[in-house]
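Each chain, written out:
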Amino acid sequence: MRKIITAALAASFLVPVAMAPEIASAQSAREVRQSQRDLREEQRDLRQAQRHGSRQDVREERRDVRHARQEVREDWRDYRKAHRDTYRRPAYVGPRGYAYRPVAVGHRFSSAYYGNRYWVSDYSRYRLPAPVRNHRWIRYGNDVVLVNVHTGRVAQVYNGFFW
């Protein structure tokens, strides 16, 4: 009888531990959506304070926006750590004469660097925001860069995005 009770107790402890990764990943997506919602709300409050509030109100709202942005980044980092295989890509092979140099917003690429061979077309898989009109997410080395396809100018950069 003791063996049956001991086995039942052991099973009751092991089952929740085995299910924890699935629960955590589902909870993580919900947390990310909530954090993004909180960030939008804080930005709305900041705009309201800038229009009608005092300097103290604006300062407090800026602090709140900074904190909300930090929460969103932490949620994304947690997601990235939990889904490492998603961000592991084969070696980058750039156009002829390619040499990696870190880029910043405003840098201008030649059209060879943002051809369809380098597009990140499944941006939602990587939790990247949808590109606006005439922009594309491209892979540049292990970075992800948002490029205006008409001008070649960089609009946003995420350095060290892929492993």
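For clarity, every value in this text was computed on a predicted model and none was experimentally measured.

Visitor: Is there a simple way to think about the sheet that holds strand β2 (residues 143-148) in this case?
Guide: Hydrogen bonds between backbone groups are what pair the strands of a sheet, and the pairing can be parallel or antiparallel. The strand order across the open sheet built from three strands is β1-β2-β3, with neighbouring strands paired in antiparallel fashion. The open sheet has two free edges, formed respectively by β1 (135-140) and β3 (154-158), since each of these has just one partner strand. Between one strand axis and the next, the sheet turns by 20° as a mean value, whatever way the strands run. One ladder, built from four bridges, connects β2 with β3; its direction is antiparallel. Bridged to Val147 within β3 is Val154.

Visitor: Sorry if this is basic, but what is going on with the nonpolar core here?
Guide: In globular proteins that are soluble, nonpolar side chains generally tend to be buried together. The biggest cluster of nonpolar side chains holds 12 residues, and these are Tyr92, Val103, Phe109, Tyr113, Tyr114, Tyr118, Ile138, Tyr140, Val145, Val147, Val154 and Val157. Those elements that provide at least two residues to this core are β1, β2 and β3. Those residues in contact with Val157 that lie beyond four places of it in its chain are Val103, Ala104, Val105, Val144 and Val145. Grouped together as the second largest cluster of nonpolar side chains are eight residues, Val120, Leu128, Leu146 and Phe162 included.

Visitor: Just to check I follow, could you spell out the environment of Arg33 for this structure?
Guide: Along the chain, the position of Arg33 falls in helix α1 (residues 2-52). For the pair Arg33 and Asp75, spaced 42 residues apart in sequence, the C-alpha to C-alpha distance is 9.4 Å.

Visitor: What am I meant to see in the side chain of Arg139 here?
Guide: With respect to the helices, strands and loops of the structure, Arg139 is situated in strand β1. Although buried, Arg139 forms no salt bridge, and the nearest oppositely charged side chain, Asp143, lies 8.5 Å from it. A polar contact is formed between the side chain of Arg139 and the backbone oxygen of Gly141, at a distance of 2.8 Å.

Visitor: What is the right way to look at the pattern of salt bridges in this model?
Guide: Once the charged atoms of two side chains with opposite charge are near each other, the side chains can pair. Here the structure, examined in full by the defined rule, presents one salt bridge. For Arg63, the salt bridge goes to Asp64, with nearest N and O atoms at 4.0 Å. With relative accessibility at 47%, the residue Arg63 sits in the partly exposed group. Given the relative accessible area of 25%, Asp64 is considered partly exposed.

Visitor: Just to check I follow, could you spell out unusual backbone geometry for this structure?
Guide: Most peptide bonds take the trans configuration, and most residues that are not glycine carry a negative phi. The phi dihedral of Asn134 falls on the positive side, at around 65°, and the residue is not glycine. Turning to its location among the elements, Asn134 is positioned in the loop between α2 (55-82) and β1.

Visitor: I'm lost on the environment of Gly152 in this one. Help?
Guide: Take Gly152: it is sitting in the loop between β2 and β3. Taking relative accessible area as the criterion, Gly152 reaches 0% and is therefore assigned buried. Here Gly152 is in contact with His107, Arg108, Phe109, Tyr114 and Val147, once residues within four sequence places are set aside.

Visitor: Is there a simple way to think about the packing of aromatic side chains in this case?
Guide: Any aromatic ring pair is given by two values, namely how distant the centres are and how the planes are angled relative to each other. According to the stated counting rule, one finds seven aromatic pairs in the structure shown. Aromatic pair Phe109 and Tyr113: ring centres 5.5 Å apart, planes at 35°, arrangement tilted. Across the pair, exposure class does not vary: Phe109 and Tyr113 are buried alike. Between Tyr113 and Tyr140 the ring centres are 5.9 Å apart and the planes differ by 70°, which places this aromatic pair in the edge-to-face class. Here Tyr140 lies in strand β1 and Tyr113 lies in the loop between α2 and β1, a separation of 27 residues in the sequence. Residue Tyr113 is classed as buried on the basis of its relative accessible area, which comes to 16%. Of the residues examined, Tyr140 reaches a relative accessible area of 4% and is grouped as buried. Three or more aromatic residues joined by ring pairs form one cluster here, namely Tyr98, Tyr100, Phe109, Tyr113 and Tyr140.

Thresholds applied
- Residues numbered from 1 in each chain as written.
- Predicted model: local features only at pLDDT ≥ 70, side-chain atom pairs only at ≥ 80, totals over all residues.
- Heavy atoms only, no water.
- Pairing = 2+ DSSP bridges.
- Helix = DSSP H or I, 4+ residues; strand = E, 2+ residues; numbered from the N terminus.
- Axes fitted to C-alpha atoms, helices over the stretch in contact; angles between N-to-C directions.
- Core = buried A, V, L, I, M, F, W, Y, C linked by side-chain atoms within 4.5 Å.
- Buried < 20%, exposed > 50% of the residue type's maximum accessible area, 1.4 Å probe, protein only.
- Contact = heavy atoms within 4.5 Å.
- Lys, Arg positive; Asp, Glu negative; His and termini not counted.
- Salt bridge = Lys/Arg side-chain N within 4 Å of Asp/Glu carboxyl O.
- Polar contact = N/O pair within 3.5 Å; in protein donor to acceptor, adjacent residues only side chain to side chain.
- Phe/Tyr/Trp six-rings, centres within 6.5 Å; stacked < 30°, edge-to-face > 60°.

Any link to function would need more than the numbers given here.
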